[in-house]
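# Examination of the molecular architecture
These are the residues of each chain, in order.
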Amino acid sequence: MFEEGTIVYFDPFYFKNGNTAKSKYFIVLKNTEDKSILASLPTRKDSIPTEYLVEQGCIELPNINFNCFVFSPKINITTCQKSFDFPTHVYGYQIDLYKTDYLQEIYPIEGTDYIIWGKMKKAIFNDLINCLKTSKTVKRKFIKILS
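This report concerns the structure included in the present document. (Residues numbered from 1 in each chain as written. Predicted model: local features only at pLDDT ≥ 70, side-chain atom pairs only at ≥ 80, totals over all residues. Heavy atoms only, no water.)

In this section: helix H2 (residues 122-133). Taking 1.5 Å of rise per residue, 12 residues should cover 16 Å, and H2 covers 16 Å from first to last C-alpha, within 8% of that figure. Among all positions of H2, only Ile124, Phe125, Leu128, Ile129, Cys131 and Leu132 are buried. All buried residues of H2 lie within an arc of 160° about the axis, which places them on one face of the element. Across H2 from its buried face, at more than 90 degrees, point the exposed residues Lys122 and Ala123. Looking at the buried residues of H2, the elements they touch are strand E2 (21-31), strand E4 (57-61), strand E5 (66-71), strand E6 (88-91) and helix H3 (140-146). (Helix = DSSP H or I, 4+ residues; strand = E, 2+ residues; numbered from the N terminus. Expected span 1.5 Å × (residues − 1). Buried < 20%, exposed > 50% of the residue type's maximum accessible area, 1.4 Å probe, protein only. Arc of directions from axis to C-beta. Contact = heavy atoms within 4.5 Å.)

One pass over the full model with this rule turns up one disulfide. Here cysteine 58 is linked by a disulfide to cysteine 131, with a sulfur-sulfur distance of 2.1 Å. As the torsion about the S-S bond is roughly 75°, the cysteine 58-cysteine 131 disulfide counts as right-handed. With cysteine 58 in strand E4 and cysteine 131 in helix H2, this residue pair connects regions lying 73 residues apart in the sequence. Judged by its relative accessible area of 38%, cysteine 58 falls in the partly exposed class. Between cysteine 68, a cysteine without a disulfide, and cysteine 131, which holds the nearest cysteine sulfur, the sulfur-to-sulfur distance is 7.4 Å. (Disulfide = S-S within 2.5 Å.)

Taking strand neighbours across the sheet as the criterion, the five strands line up as E7-E3-E2-E1-E8 in an open arrangement whose pairing is antiparallel. Lying at the two open borders of the sheet, with one neighbouring strand each, are strand E7 (96-99) and strand E8 (114-119). In this sheet, neighbouring strand axes are inclined to one another by 40° on average, regardless of whether the strands run parallel or antiparallel. In this sheet, E7 lies alongside strand E3 (residues 36-40) in antiparallel orientation, the contact comprising four bridges. In the strand pairing of E7, serine 36 is matched with lysine 99. (Pairing = 2+ DSSP bridges. Axes fitted to C-alpha atoms, helices over the stretch in contact; angles between N-to-C directions.)

The subject of this paragraph is the packing of aromatic side chains. According to the stated counting rule, one finds 18 aromatic pairs in the structure shown. Seen from their ring centres, tyrosine 14 and tyrosine 107 are 6.2 Å apart, and the 20° between their planes marks the pair as stacked. A residue pair is termed long-range when its members are at least 10 positions apart, and tyrosine 14 in strand E1 (residues 6-14) and tyrosine 107 in the loop between helix H1 (100-106) and E8 qualify at 93 residues. On the basis of relative accessible area, tyrosine 107 is assigned to the buried category, the value being 4%. With centroids separated by 5.0 Å and ring planes inclined at 5°, the aromatic side chains of phenylalanine 84 and tryptophan 117 adopt a geometry described as stacked. Placement of phenylalanine 84 in the loop between E5 and E6 and of tryptophan 117 in strand E8 is noted, with a sequence separation of 33 residues between them. Residue tryptophan 117 is classed as buried on the basis of its relative accessible area of 9%. Three or more aromatic residues link up through ring pairs in this structure, and these residues are Phe10, Phe13, Tyr14, Phe15, Phe26, Tyr98, Tyr107 and Tyr114. Between the NZ or CZ atom of arginine 44 and the centre of the ring of phenylalanine 86, over which it lies, the distance is 3.9 Å. (Phe/Tyr/Trp six-rings, centres within 6.5 Å; stacked < 30°, edge-to-face > 60°. Lys NZ or Arg CZ within 6 Å of the ring centre and 35° of its normal.)

Laid out in structure tokens, this is it:
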């Protein structure tokens, strides 16, 4: 479940703040040595300034402290040829660490608590990682983990 580049679908996903639970995709960016996962919860919410829209790829705007990777619904992003149904965004400031033990406790059964939605194509996953690890917006500790 926690292999790098894997996209997991949780229904529902319980957020760290404990206030919200909803269906969510979860992209494993890095599986660290200390039993943690660096991951992103992609969103369909588009916060990109209109003059910088791209169909797919990285947007880095250091002058406004903004970083985003966009997945186009027209491009298959997984090795099993899946794409998101709508433009989907990974914002650099939203990536976070999740404890492996905790995730396995909350979501113990594949097919019931979560599904493996797919494994990202290597080139697209590398583009995503490069976008995040070269960003001025991503926290330094996360850049170090990604490098």
